[in-house]
Amino acid sequence: LEGCTVFVDVWTSDGQDTSSLYADIAKNMGARIVKSVGPQCTHIVFMSGREKTVEQYFALDEARRPKAVGAAWVRDCKTAEKRLAEEGYAVDLE
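Residues numbered from 1 in each chain as written. Predicted model: local features only at pLDDT ≥ 70, side-chain atom pairs only at ≥ 80, totals over all residues. Heavy atoms only, no water.

> Looking at this model, I keep getting lost on the overall build of the chain. Mind explaining?
The number of helices and strands found in the chain is 3 helices and 4 strands. For 94 residues, the compact-globule estimate of 2.2 N^0.38 gives 12 Å, and the chain sits close to it at 12 Å. Seen through its principal axes, the chain has C-alpha atoms that stretch 35 × 30 × 25 Å. The buried share of the chain, reckoned over its 94 residues, is 41%. (Helix = DSSP H or I, 4+ residues; strand = E, 2+ residues; numbered from the N terminus. Rg over C-alpha atoms; globule rule 2.2 N^0.38 Å. Buried < 20%, exposed > 50% of the residue type's maximum accessible area, 1.4 Å probe, protein only.)

Here is the structure:
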């Protein structure tokens, strides 16, 4: 995931924050992890995340919004040992 700047907001269905697990995987694959959503982000890894993340995403200019992908993207990239196309993992934040 070299060249990716990633914000991770991943929660389980029972309310456990598992963001650090996915952030560690992405970081170990070469991604830069950031603490907040901003124009520097290339990706938001999102699953059952916070409303604040969604608000920050929509506050960005449409042309500068990062790709919003599910946690499965990180997991599958790790399994494949390479960056996979984001299209099949897109998350609709609307």
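> Where do I start with the side chain of threonine 5 in this structure?
If you trace the backbone, threonine 5 turns up in strand S1 (residues 5-10). When sequence neighbours within four positions are dropped, the list of residues in contact with threonine 5 reads Arg32, Val34, Gln40, Cys41, Thr42 and His43. (Contact = heavy atoms within 4.5 Å.)

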